[in-house]
Amino acid sequence: MARLINPPGKWNGRTVALDDGHGMETPGKRTPYIQEIGRQIKENEFNRKVVQYLSNILLDHGFRVLLVAPTDEDTPLSYRTRAANQNNADIYVSVHYNAFDGSFGGADPNGIELYVYPGYLNRPAGRLASSLAKYLRQGTDQNFRGIKEANFHVLRETDMPAVLTENGYMDNKREALLMIDERFQKEVAEEHARGILEYFGVPFKGGIDYLSLGDTGAEVKEMQENLLKLGYTMNGYGADGSFGPATEAAVKAFQNDNNLEVDGFYGPKTKAAVQIALDNLNKGEEEMEKLAVVINSFADFPAVEALVIRKNALIALRAVAEKRQVAEQIIVAGGGTDGLKGSNFIDLTGKTRYETSQNIKNYLAK
């Protein structure tokens, strides 16, 4: 039975039918035996994961998603297209992985192909295929084999623009192994999503590997800790694991300073730039900072934020300051100086966090 999923927020008025190709046990729909992993890979291992990731991205952008074959069974093609037609889907996208001769020793073709119904290249289906192809060509290096025409059931019997994508060859060893690479699965899902969004004129606001406003959890906290290490404060909220407006502002400030697209999304490019900045920070040990404030954990950050800003100081975790001298002069905000590298300390440690906070206020008042 097809499954219609509503977005968590407001529906944008569009419904996308997604088809994850063949069933898990469909005969022949699998790679040759792969010695390196000791088994074959079933086509639906890839198709289902991509559709799963793609569904999540589309739902986050306000689309309804109709899964026309949501089980591991090989759902009849007539059922899939009938479900899409009855639910008035706006487009139909069928995700597949290609095959040539079922052997790694043959002609060994490779690459991406997209299909529309014959005569539809200059119609909406062709425009959708072009949008999908634009992004599928931007990811992992693969041969682009073009947008083609075929009299496939899912292209012929659908009442809406329909495209079938072949995202690699199961009988090409390199592309076969990509089928179970989670990074590749997510990449292909995001590329499909970007193409669909472009087709409908909906701005892309983030994919599987993106953090954005409203997200919570350990990944958000790690991002916040990294931004704090780099000196991007969050209005005193610290690393609380919640991606709120203050965190978004910090992400945007970092993006602006590093000539990235300033969109507030913590995606792969921003994450890579943060890692480079952290690496450069660690490499800069020889160029000693003038002043650093040492805290025990990022939970202590709200207490020292005013001090850091007023003194234009670096923030350093105790765990780091115990391994190397982090600055010429070090202000200790809790925990004392024992174990810290250096000789020029200002110790504001109190018997309690409250007393430490008062010591910081008194120091700033001088």
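On a predicted model such as this, the values are computed, not experimentally measured, just so you know.

Peer 1: How should I be thinking about the overall build of the protein chain in this particular structure?
Peer 2: Of the regular secondary structure elements, the protein chain holds 12 helices and 11 strands. Computed over C-alpha atoms, the radius of gyration of the protein chain comes to 27 Å, more than 25% over the 21 Å expected from 2.2 N^0.38 for 366 residues, which places it beyond the range of a compact globule. Taking the principal axes of its C-alpha atoms as reference, the protein chain extends roughly 80 × 45 × 35 Å. Looking at the 366 residues of the protein chain, the share that counts as buried comes to 48%. If you take every contact in the protein chain between residues at least 6 apart in sequence, the share linking residues at least 24 apart comes to 68%. When the accessible area of the protein chain is evaluated, it comes to approximately 17900 Å², of which 46% is carbon and sulfur surface. Of the charged side chains in the protein chain, 42 are positive and 49 negative, and the gap between their average positions amounts to 3 Å.

Peer 1: Mind showing me how you'd approach the pairing of strand β3 (residues 64-67) here?
Peer 2: Put simply, side chains in a regular strand alternate between the two faces of the sheet. In the sheet, strand β1 (residues 3-5) pairs with β3 via three bridges, with the strands oriented antiparallel. If you follow Ile 5 over to β3, its bridge partner there is Val 65. As paired elements, strand β2 (residues 15-19) and β3 share four bridges and run parallel to each other. The partner of Ala 17 across the bridge, within β3, is Leu 66. Regarding topology, helix α1 (residues 43-60) serves as the crossover connection from β2 to the parallel β3, and that connection is right-handed.

Peer 1: Could you clarify how one ought to interpret the sheet that holds strand β9 (residues 314-317) in this entry?
Peer 2: Sheet strands line up and pair through hydrogen bonds in the backbone, either parallel or antiparallel. Within the open sheet, the four strands sit side by side as β9-β8-β10-β11. Their pairing is parallel. Edge strands, defined here as strands with exactly one partner in the open sheet, are β9 and β11 (345-347). Adjacent strand axes in the sheet meet at a mean angle of 25° when their direction is disregarded. Bridge analysis of strand β8 (residues 289-295) against β9 gives four bridges, and the strand direction is parallel. Each bridged residue has a counterpart across the sheet, and for Val 294 the counterpart in β9 is Ala 316.

Peer 1: Can you help me understand helix α3 (residues 124-136) in this one?
Peer 2: The periodicity of an α-helix, 3.6 residues per turn, causes residues three or four positions apart to be oriented the same way. Its 13 residues place the ends of α3 18 Å apart at the C-alpha level, agreeing with the 18 Å of an ideal helix rising 1.5 Å per residue. Within the span of α3, buried status applies to Ala 125, Gly 126, Leu 128, Ala 129, Ser 131, Leu 132, Ala 133, Tyr 135 and Leu 136.

Peer 1: Is there a simple way to explain the pattern of salt bridges in this structure?
Peer 2: Close approach of charged atoms allows side chains with opposite charge to pair. Here the structure, examined in full by the defined rule, presents 14 salt bridges. Here Glu 113 and Lys 148 are joined by a salt bridge, their closest N and O atoms 2.9 Å apart. Residue Glu 113 is located in strand β5 (residues 112-116), and its partner Lys 148 is located in strand β6 (residues 144-149); the two are separated by 35 residues in the primary sequence. Residue class for Glu 113 comes out buried when judged on its relative accessible area of 2%. Among the charged side chains, a network of salt bridges with common partners joins Asp 19, Asp 74 and Arg 80.

Peer 1: What's the story with the packing of α1 against helix α6 (residues 182-200) in this structure? I'm lost.
Peer 2: The description of two packed helices rests on the angle between their axes and on the distance between the axes. Put simply, α1 and α6 touch, their axes get as near as 8 Å, and they point 50° apart. In terms of axis orientation, α1 runs oblique to α6. Where α1 crosses over α6, the two elements pack in a sense that is right-handed. Together, Glu 45, Phe 46, Lys 49, Val 50, Tyr 53, Leu 54, Ile 57 and Leu 58 of α1 and Glu 182, Phe 184, Gln 185, Lys 186, Val 188, Ala 189, Glu 190, His 192, Ala 193 and Ile 196 of α6 make up the contact between the two elements. When grouped by side-chain class, the residues that make up the contact of α1 with α6 number 11 nonpolar, two polar and five charged.

Peer 1: Teacher, can you tell me more about the nonpolar core here?
Peer 2: Generally speaking, nonpolar side chains in soluble globular proteins are found buried as a group. Membership of the largest hydrophobic core comes to 42 residues, with the highest contact counts inside it found for Val 16, Leu 18, Phe 46, Leu 58, Ile 91 and Ile 196. Put simply, the parts of the chain that give this core at least two residues each are β2, α1, β3, β4 (91-98), β5, α3, α5 (173-178) and α6. Ignoring anything within four residues of it in the chain, the contact list for Ile 196 reads Val 16, Leu 54, Leu 58, Ile 91, Val 93 and Leu 132.

Peer 1: Whenever I open this one, the pairing of β2 confuses me. Can you help?
Peer 2: In terms of burial, β2 is largely enclosed, as five of its five residues are buried. Neither face of β2 is open: one carries Thr 15, Ala 17 and Asp 19, the other Val 16 and Leu 18, and all of them are buried. Alignment of β2 against β4, held across four bridges, turns out to be parallel. Its bridge partner lying in β4, Ala 17 is registered against Tyr 92.

Peer 1: Quick question: what am I supposed to make of the side chain of Asp 19 here?
Peer 2: Mapped onto the fold, Asp 19 is located in strand β2. Here Asp 19 falls in the buried class, since its relative accessible area comes to 1%. When neighbours within four sequence positions are excluded, Asp 19 is seen to be in contact with Val 51, Val 68, Arg 80, Tyr 92, Val 93, Ser 94, Val 95 and Val 154.

Peer 1: Just checking my understanding: could you explain the sheet that holds strand β7 (residues 162-169) for this structure?
Peer 2: Read across the open sheet, the seven strands follow the order β1-β3-β2-β4-β7-β5-β6; overall the sheet is mixed. Either end of the sheet is taken by a strand with one partner, and the two such strands are β1 and β6. Pairwise comparison of adjacent strand axes, ignoring direction, gives a mean angle of 20° for this sheet. Set on the sheet, α1 makes contact with β1, β2, β3, β4 and β7; between it and β4 the angle comes to about 150°. Most of the contacts of helix α2 (residues 77-86) go to β4, to which it runs at about 155°, and overall it touches β2, β3 and β4.

Peer 1: Whenever I open this one, helix α7 (residues 218-229) confuses me. Can you help?
Peer 2: The terminal C-alpha atoms of α7 lie 17 Å apart, and with 12 residues this matches the ideal 16 Å at 1.5 Å per residue to within 8%. Within α7, the full set of buried residues consists of Val 220, Met 223, Gln 224, Asn 226, Leu 227 and Leu 228. With its phi angle positive at about 95°, Gly 231 sits one or two positions after the end of α7.

Definitions and limits used
Residues numbered from 1 in each chain as written. Predicted model: local features only at pLDDT ≥ 70, side-chain atom pairs only at ≥ 80, totals over all residues. Heavy atoms only, no water. Helix = DSSP H or I, 4+ residues; strand = E, 2+ residues; numbered from the N terminus. Rg over C-alpha atoms; globule rule 2.2 N^0.38 Å. Buried < 20%, exposed > 50% of the residue type's maximum accessible area, 1.4 Å probe, protein only. Contact = heavy atoms within 4.5 Å. Areas by Shrake-Rupley, 256 points an atom, 1.4 Å probe, with all protein chains shown as cover. Lys, Arg positive; Asp, Glu negative; His and termini not counted. Charge placed at Lys NZ, Arg CZ, Asp CG, Glu CD. Pairing = 2+ DSSP bridges. Right-handed = clockwise from strand over helix to strand, strands pointing away. Axes fitted to C-alpha atoms, helices over the stretch in contact; angles between N-to-C directions. Expected span 1.5 Å × (residues − 1). Salt bridge = Lys/Arg side-chain N within 4 Å of Asp/Glu carboxyl O. Parallel < 35°, antiparallel > 145°, perpendicular 65-115°, else oblique. Left-handed = near helix turned anticlockwise from the far one by under 90°. Nonpolar A, V, L, I, M, F, W, Y, C, P; charged D, E, K, R; others polar. Core = buried A, V, L, I, M, F, W, Y, C linked by side-chain atoms within 4.5 Å.

Worth remembering: the numbers are spatial, not functional.
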